[in-house]
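Working through the structure, step by step
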Amino acid sequence: MAATIAVGDVIPDGTLAYLDDDSKPQSVSIHSLAAANKVIIFGVPGAFTPTCSLKHVPGFIERAEELKGKGVDEIICISVNDPFVMNSWAKTFPENKHVKFLADGAAKYTHALGLELDLTEKGLGVRSKRFALLVEDLKVKVANVEKVGEFTVSSAEEIIKAL
Amino acid sequence: MASAMVKGGGSRLIKSVSAALGTRFYAKVATGTDIVSAAPNVSLQKARTWDEGIASKFSTTPLKDIFKDKKVVIFGLPGAYTGVCSNKHVPPYKENIDKFKAKGIDSVICVAVNDPYTMNAWAEKLQAKEAIDFYGDFDGSFHKSLDLVTDLSGALLGTRSERWSAYVVDGKIKALNVEEAPSDVKVSGADTILGQI
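Here, residues in each chain are numbered from 1, in the same order as that chain's written sequence. Just so you know, chain letters begin at A and ligand numbers begin at 1, following the order they were written in. It should be noted that, the model being predicted, local features are given only for residues of pLDDT at least 70 and side-chain atom pairs only at 80 or more, the latter also being counted only at that level, while totals for whole chains, interfaces and linings use all residues. Only hydrogens and water are removed before side-chain values are computed, so all heavy atoms of the structure are retained for them.

Considerations on the overall build of chain B
Heads up, the condition is: Helix and strand assignments come from DSSP, with helices taken as H or I runs of at least 4 residues and strands as E runs of at least 2, each series counted from the N terminus. Only heavy atoms matter for contacts: two residues are in contact if any of them lie within 4.5 Å across the pair. Each accessible area value is a Shrake-Rupley result obtained with a 1.4 Å probe; residue values ignore everything except the protein chains displayed when judging cover.
The number of helices and strands found in chain B is 9 helices and 9 strands. Sequence-distant contacts, at least 24 apart, represent 66% of the contacts inside chain B between residues at least 6 apart. As displayed, chain B has an accessible area near 8600 Å², and 52% of this comes from carbon and sulfur atoms.

Here it is, written out as structure tokens:
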């Protein structure tokens, strides 16, 4: 099991999935999005669950312009869901302009970050912890990992303070 | 090439021959199988919101509660929010619910390897919750027990359910239809199983 990602680490590479404009599944590497860029990666336990849908994602959508203004090139939301579910969930946020919703269906990338969370009892299986990372040129500058069930440090509000 | 047209017990021979030739993966179940015995200790998760999950203490539904003493039509599909499932497989079951009820069917069930919250949101989007009972098989244990899984890594979905349908009376499979290609709705559609009840 990988050690939990921490400040100073080089972010591991990994492949995430999404649906393109023709609704075809495609893959993208994290490094291709993050290399030579300032990116925020935030993780949620599950599409279509309340804290994720009503608090965590909207916070980043609302502050996206502000984050871009502070030099953030990409805002990426990842979850252990397939790209069809992520795509449909993303569509429930019609006001979203900048947040990319990427799927980590087999939890491989979540595992590489050391951020798995076993939610089998809730009927979800192995998922991601709630977290937010600020990554500059592949180096982790901020790593805010939430305690299970909480929503404080991983918010958009918190990570803006670091910019 | 052995076809996967399934209607009654003759399918078993076709499937065994296909398996011997290495041409097709075959299910562990056939007509006559007791679906509850074929998947012991397996539960499904009824489609629900998170709040409903909390209220029910995240309880799950054992198979016997679904099938014992009931006439059930159940169909499984690769994934919530995918094209063929949403546009071709679910709607005819929803539209024909009165015909199913007229034939004495207690419940029409849709199941997929998805979590119950995703299934719930999808069922609401399809406006199908009144007609159909949606269940999640979040860890695939139901479909793995019945050998009704297929590798859809090519579509970035991982291990999923085959596309299939069954008519089950008091837990005994009376008719079983497994689609040869998961992207088709030929034998697993509502019209076919209506004719088998």
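With respect to the pattern of salt bridges
Residue and element names in this part refer to chain B. To keep it simple, the criterion reads: Within this document, salt bridges are pairs made up of a side-chain nitrogen of Lys or Arg and a carboxyl oxygen of Asp or Glu, the two lying within 4 Å of each other. Only protein chains enter the accessibility calculation, which uses a 1.4 Å probe. A residue is then buried if its area is under 20% of the maximum for its type, exposed if over 50%, and partly exposed in between.
Scanning the entire structure with this criterion turns up 11 salt bridges over all chains. Put simply, Asp65 and Lys64 hold a salt bridge, and the shortest N to O gap is 3.6 Å. Exposure remark for Asp65: the relative accessible area of 40% places this residue in the partly exposed category. In this structure Lys64 comes out as partly exposed when scored by relative accessible area, which is 46%. With a shortest N-O distance of 3.4 Å, Asp170 and Lys68 are connected by a salt bridge. Taken as a pair, Asp170 in the loop between β8 (164–169) and β9 (172–178) and Lys68 in the loop between α4 (63–67) and β3 (71–77) lie far apart in primary sequence, 102 residues in all. For Asp170, a relative accessible area of 30% translates into the label partly exposed. Classification of Lys68 as partly exposed rests on a relative accessible area of 44%.

A few points about helix α5 (residues 83–95) of chain B
Residues and elements named next belong to chain B. For clarity, the threshold we go by: What a helix should span is 1.5 Å times the count of its residues minus one. By definition, a residue's bend is the angle between the axes fitted to the seven residues ending there and the seven starting there.
The end-to-end C-alpha distance of α5, which contains 13 residues, comes to 18 Å, matching closely the 18 Å that a straight helix rising 1.5 Å per residue would cover. Along α5, the largest kink reaches about 30° and is centred on His89; proline Pro91 follows within four residues of it. By the burial criterion, the buried members of α5 are Cys85, Ser86, His89, Val90, Pro91 and Tyr93.

Focus: the nonpolar core
To keep it simple, the criterion reads: Only buried residues count toward a nonpolar core, which is a set of Ala, Val, Leu, Ile, Met, Phe, Trp, Tyr and Cys residues joined through side-chain atoms within 4.5 Å.
Formed by 62 residues in total, the largest nonpolar core has its most connected members in Phe60(A), Trp89(A), Val90(B), Trp122(B), Ile132(B) and Phe134(B). Apart from the residues lying within four places of it in its own chain, the contact partners of Trp122(B) are Leu77(B), Gly79(B), Ala80(B), Tyr81(B), Cys85(B), Ser86(B), Val90(B), Cys110(B) and Phe134(B). The next biggest cluster of nonpolar side chains, apart from the first, holds 23 residues, and it includes Leu44(B), Val111(B), Val168(B) and Ile173(B).

Here we look at the interface of chain B and chain A
To keep it simple, the criterion reads: Distance and chemistry together define a polar contact, namely a pair of N or O atoms within 3.5 Å, with one atom able to donate a hydrogen and the other to accept it when in protein, and with adjacent residues in sequence counting only for side-chain atoms on both sides.
Facing the 17 residues of chain B at the interface are 21 residues of chain A. Here chain B and chain A share 2 salt bridges between them. Its salt-bridge partner being Asp82(A), residue Arg160(B) comes within 2.6 Å of it at the nearest N-O pair. If you look at where chain B meets chain A, you find 3 residue pairs in polar contact (both at pLDDT 80 or more).

Thoughts on the layout of surface pockets
Over the atoms rolls a probe the size of a water molecule, and in doing so it shows where empty space is left. The test is simple: For each structure, a 1 Å grid was placed over the protein atoms alone; sets of points admitting a 1.4 Å probe that cannot get out are labelled cavities, open sets with protein on both sides within 12 Å along at least five of seven lines are labelled pockets, and lining residues have an atom within 4 Å of a point. Grid points are joined across faces, edges and corners, and a volume is the space filled by probe spheres set on the points. The nonpolar class holds Ala, Val, Leu, Ile, Met, Phe, Trp, Tyr, Cys and Pro. Asp, Glu, Lys and Arg form the charged class, and all remaining residues, Gly among them, are polar.
Here the largest pocket defines a volume of roughly 800 Å³. Taken together, 33 residues line the largest pocket, and the ones lying closest to its centre are Val80(A), Gly105(A), Ala106(A), Leu157(B) and Arg160(B). Counting residues per element, the ones that place at least two in the lining of the largest pocket are β1 (15–19), α4 (83–90) and β7 (125–128) of chain A together with β7 (159–161) of chain B. In terms of residue class, the lining of the largest pocket is built from 14 nonpolar, 11 polar and 8 charged. By volume, the second largest pocket amounts to about 450 Å³. Elements with a minimum of two residues in the lining of the second largest pocket: β1, α4 and β5 (99–103) of chain A.

Side note on the environment of Leu134(A)
Residue and element names in this part refer to chain A. In this structure, Leu134 sits in strand β8 (residues 131–136). Remark: the alpha-carbon pair of Leu134 and Ile160, spanning 26 residues in sequence, is separated by 9.6 Å. Dropping the residues within four chain positions of it, Leu134 is found in contact with Lys38, Val39, Ile40, Lys139, Val140, Lys141, Val142, Ile159, Ala162 and Leu163.

A word on the UniProt feature "active site" (unreviewed entry) in chain B
Which entries qualify depends on this criterion: UniProt positions are given in the numbering used here, feature names are shortened, and annotations may be inferred rather than shown by experiment.
Mapped onto this numbering, the UniProt entry annotates "active site" (unreviewed entry) at Cys85(B). Beyond its immediate sequence surroundings of up to four residues, Cys85(B) is in contact with Leu77(B), Pro78(B), Gly79(B), Val90(B), Pro91(B), Trp122(B) and Arg163(B).

Section: the environment of Asp9(A)
Residues and elements named next belong to chain A. As for its placement among the helices and strands, Asp9 is situated in the segment before β1. Given a relative accessible area of 30%, Asp9 falls into the partly exposed group. Between the alpha carbons of Asp9 and Lys139 there is a distance of 5.8 Å; along the sequence they are 130 residues apart. Not counting residues within four places of it along the chain, the set of residues in contact with Asp9 comprises Thr4, Leu138, Lys139 and Val140.

Digging into the side chain of Asn81(A)
Among the secondary structure elements, Asn81(A) is positioned in the loop between β4 (74–79) and α4. Within the local environment of Asn81(A), its side chain forms a polar contact with the backbone nitrogen of Ala47(A), the two atoms lying 3.1 Å apart. Setting aside anything within four residues of it in sequence, one finds Asn81(A) in contact with Gly46(A), Ala47(A), Met86(A), Ala103(A), Asp104(A), Gly105(A), Arg127(A), Asp115(B) and Thr118(B).

Things to note about the sheet that holds strand β2 (residues 61–62) of chain B
Residue and element names in this part refer to chain B. Let me state the cut-off plainly: A strand pair is defined by DSSP finding two or more bridges across the two strands.
Strand order in the open sheet formed by 7 strands is β2-β1-β5-β4-β3-β8-β9, with mixed pairing between adjacent strands. Edge positions in the sheet fall to β2 and β9, since each of these pairs with one other strand and no more. Where strand β4 (residues 107–112) lies against strand β5 (residues 133–136), 4 bridges are found, and the strand directions are parallel. Paired with Ala112 across the two strands is Gly136, which belongs to β5.

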